[in-house]
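# Descriptive structure summary
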Amino acid sequence: MDLCHPDPVELSSREAEELQRIKWHRKQLLEDIQKLKDEIADVFAQIDCFESAEESRMAQKEKELCIGRKKFNMDPTKGIQYLTEHKLLTPNVQDIARFLYKGEGLNKTAIGTYLGERDSVNLQVLQAFVDCHEFANLNLVQALSSQQGASDVGFEG
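Attention here is on the structure that accompanies the text.

Each value, and the rule that gives it
Residues numbered from 1 in each chain as written. Predicted model: local features only at pLDDT ≥ 70, side-chain atom pairs only at ≥ 80, totals over all residues. Heavy atoms only, no water. Phe/Tyr/Trp six-rings, centres within 6.5 Å; stacked < 30°, edge-to-face > 60°. Helix = DSSP H or I, 4+ residues; strand = E, 2+ residues; numbered from the N terminus. Buried < 20%, exposed > 50% of the residue type's maximum accessible area, 1.4 Å probe, protein only. Contact = heavy atoms within 4.5 Å. Core = buried A, V, L, I, M, F, W, Y, C linked by side-chain atoms within 4.5 Å. Salt bridge = Lys/Arg side-chain N within 4 Å of Asp/Glu carboxyl O. 1 Å grid on protein atoms, 1.4 Å probe; cavity = no way out; pocket = protein on both sides within 12 Å on 5 of 7 lines; lining within 4 Å. Points joined across faces, edges and corners; volume = space filled by probe spheres on them. Nonpolar A, V, L, I, M, F, W, Y, C, P; charged D, E, K, R; others polar.

### Digging into the packing of aromatic side chains
One pass over the structure, following the stated rule, counts two aromatic pairs. Geometrically, the ring pair formed by Y101 and F129 is edge-to-face, given 6.3 Å between the ring centres and 70° between the ring planes. One end of the pair, Y101, is in helix α3 (residues 93-102); the other, F129, is in helix α5 (residues 120-132), and 28 residues separate them in sequence.

This is how it looks when you write it as structure tokens:
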């Protein structure tokens, strides 16, 4: 007798019923497995959509940041305005100062032009910009030379 595929005539009615129940459970399990596979595929598809949307948002943000930098380099006040309107920069003077201090993609002359304006906000940003520099425990020569590029920022006024 083949144990894997027993001849139905060799089974008692009780064994045949048990075999039917086992086949029915097997079918149910296979259906459940397929449902789980489908659900997992749906979740992966949603994750892919989410990642694509997130990448798209990040690309859009990077594009707007690039536009803001270009605008800043052409007209610093309009550049800061653009960046704050697009929520890439807060209007907080410390945030603006840190943005200028990092200077990523910014023209040093444009930074100097912005900091050299005599508007009260610009003066506050200038003070915060100076505070970004670490001059503690340095003499004048060390302080000036340690701030690489600081002397490149031109001030108008």
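### A look at helix α4 (residues 108-116)
When you tally the buried positions in α4, you get seven out of nine residues, the bulk of the element. Within the span of α4, buried status applies to A110, I111, G112, T113, Y114, L115 and G116. Where α4 is buried, its residues contact α1 (13-74), α2 (76-85), α3 and α5.

### Considering the nonpolar core
Judged by nonpolar contacts, the single largest core of 22 residues is most densely connected at F72, F99, L100, Y114, L115 and V125. Every element with two or more residues in this core is listed here: α1, α2, α3, α4 and α5. When neighbours within four sequence positions are excluded, L100 is seen to be in contact with F72, L106, I111, Y114, L115, V125 and F129.

### Things to note about the pattern of salt bridges
Under the counting rule described, the total for this entry stands at six salt bridges. Between E31 and K27 there is a salt bridge, with its nearest N and O atoms 3.9 Å apart. Taken together, the residues span about one helical turn, with E31 and K27 both in helix α1 at a distance of four residues. Residue E31 is classed as partly exposed on the basis of its relative accessible area of 34%.

### So, the layout of surface pockets
To find the voids left in a structure, one rolls a probe of water-molecule size over its atoms. Volume-wise, the largest pocket comes out at about 280 Å³. In terms of lining residues, the largest pocket is bounded by M58, K61, E62, L65, R69, L88, L89, D95, R98, F99, K102 and E104. Elements that contribute at least two residues to the lining of the largest pocket include exactly α1 and α3. The element that contributes the greatest number of residues to the lining of the largest pocket is α1, accounting for five residues. Its residues placed into classes, the lining of the largest pocket shows five nonpolar, no polar and seven charged.

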